[in-house]
Amino acid sequence: MTISENLQAVRQHIADACKRSGRQLDEVTLIAVSKTNPPEAVIEAYNAGAQHFGENRVEEAESKIPIVNAQVSASPAWHMIGHVQSRKAKDVVPLFQMVHSVDTLKLAQKFSTLSMEQGRQLDVLLEMNVSGEEAKHGYVAVNWATDETVKSALWSEVEQVLMLPGIRVRGLMTMAPIVADPEDARPVFASLASLRQALQAAFSISLPDLSMGMTDDYPVAIEEGATFVRVGRAIFGERANK
Ligand SMILES: *Cc1c(COP(=O)(O)O)cnc(C)c1O
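Residues numbered from 1 in each chain as written. Predicted model: local features only at pLDDT ≥ 70, side-chain atom pairs only at ≥ 80, totals over all residues. Heavy atoms only, no water.

## Some points on helix 7 (residues 186-203)
And then number 1: In this model, helix 7 (18 residues) spans 26 Å end to end at C-alpha, consistent with the 26 Å of a helix rising 1.5 Å per residue.
And then number 2: Burial in helix 7 covers these residues: Val-188, Phe-189, Leu-192, Ala-193, Leu-195, Arg-196 and Leu-199. In a view along the axis of helix 7, the buried residues occupy a sector of 155°, so they form one face of it. Away from the buried face of helix 7 by more than 90 degrees, exposed residues Pro-187, Gln-197 and Ala-201 are located.
And then number 3: Tucked inside the fold, the buried residues of helix 7 contact strand 5 (122-129), helix 6 (148-162), strand 7 (167-173), strand 8 (209-211) and helix 8 (218-223). (Helix = DSSP H or I, 4+ residues; strand = E, 2+ residues; numbered from the N terminus. Expected span 1.5 Å × (residues − 1). Buried < 20%, exposed > 50% of the residue type's maximum accessible area, 1.4 Å probe, protein only. Arc of directions from axis to C-beta. Contact = heavy atoms within 4.5 Å.)

Quick look at the structure:
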C-alpha cells in the first residue's frame, strides 16, 4: 500500500465513524503523525492531500519541518504532540501552529512568555492523563469526576493556565492505554469528553478541541467526540524501532 492509498483508507474510516455517530466530516481533523519518517514521506502525504502533520521530538522537527515547508506550495500545519521539556519550548514556538502536550503550569508560562515576545498567541491543548497509567505524561486526571483531591488540584492548575496571555487554550488531549480491543479505550475517551464539558461549565469558557485517537483506536475516539485524531502507522506504515 502506498501512503496515498493508506491516507484514502484512513479518510474513509473517519467518514464512516462520523456517519455512525451523526457527526459532520469537517468536525474532525486528521493529523498525519510523521515522526521518524523522512521529509520525502511527509511530502508524499502532503501531495496526497494531508494538511496537518504531527511530530513528537523537537530536534527531529527542527531538521524536518524547514525541509518540508521549502518544498511545498503552502506550508501545512504542524502539531507538537510529544512531551516538551521547558528548556526546549523556545524551539517549539516558531515551528508549530499548535502544541497538544502542555502538561505543567511551568511549561504553559514558558510558552506564554515566548509567544508574547514574538507578538503572537500560541494555540495549545492541555494533556490529561485520564487513564492513570504511570508512564504517561499529562495532568493527573484519573477519576477526576469522583476524586475531589484530583479535581481541585486540576481545577486550580487550569485556572492559572487560562490566565496566561500568550496562549489560547483550545481544548484537551489524551493518550489512551495500548489495548488489544479498541473498545477498551472508549471509557478513556468518554472521560476526556466529559472533563471538557465540566471545565467549560466551571470556567465559562469554550474548549472546542479534543485531541484523541491513534492508529489502533481513532474510529472509537471519533464516536466519543474527537476533533483531532493523530494517526501515524496507518498512514506511513510501521515505524522502525527507535
Ligand atoms: C506516535 C504518536 C501518535 C501516532 O501513533 P500511531 O499508533 O502511529 O497512530 C499519536 N499521538 C502521539 C502523542 C504519538 O506520540
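## Focus: the site of the ligand
And then number 1: As a matter of local geometry, the ligand sits amid Val-33, Lys-35, Ile-81, Met-175, Met-214, Thr-215, Arg-230, Val-231, Gly-232, Arg-233 and Arg-239.
And then number 2: One nitrogen or oxygen atom from the side chain of Arg-233 is found 2.8 Å from an oxygen atom belonging to the ligand.
And then number 3: About the coverage of the ligand: the protein hides 95% of its 390 Å² of free accessible area.
And then number 4: Residue composition of the shell around the ligand, by class: five nonpolar, two polar and four charged. (Near = heavy atom within 4 Å. Polar contact = N/O pair within 3.5 Å; in protein donor to acceptor, adjacent residues only side chain to side chain. Areas by Shrake-Rupley, 256 points an atom, 1.4 Å probe, with all protein chains shown as cover. Nonpolar A, V, L, I, M, F, W, Y, C, P; charged D, E, K, R; others polar.)

## Concerning the side chain of Lys-88
And then number 1: Inspection of the secondary structure assignment puts Lys-88 in the loop between strand 3 (77-80) and helix 4 (89-92).
And then number 2: For Lys-88, the side chain forms a polar contact with the side chain of Glu-59, separated by 2.7 Å.
And then number 3: Setting aside residues up to four positions removed in sequence, Lys-88 forms contacts with Val-58 and Glu-59.

## Details of the packing of helix 6 against helix 7
And then number 1: Two elements in contact, helix 6 and helix 7, have axes separated by 12 Å at closest approach and are oriented at 65°. Helix 7 is crossed by helix 6, and the crossing has right-handed handedness. Contacts from Leu-154, Trp-155, Val-158, Glu-159 and Leu-162 of helix 6 reach helix 7 at Leu-195, Ala-198, Leu-199, Ala-202 and Phe-203.
And then number 2: Of the residues that constitute the contact of helix 6 with helix 7, the class distribution is nine nonpolar, no polar and one charged. (Axes fitted to C-alpha atoms, helices over the stretch in contact; angles between N-to-C directions. Left-handed = near helix turned anticlockwise from the far one by under 90°.)

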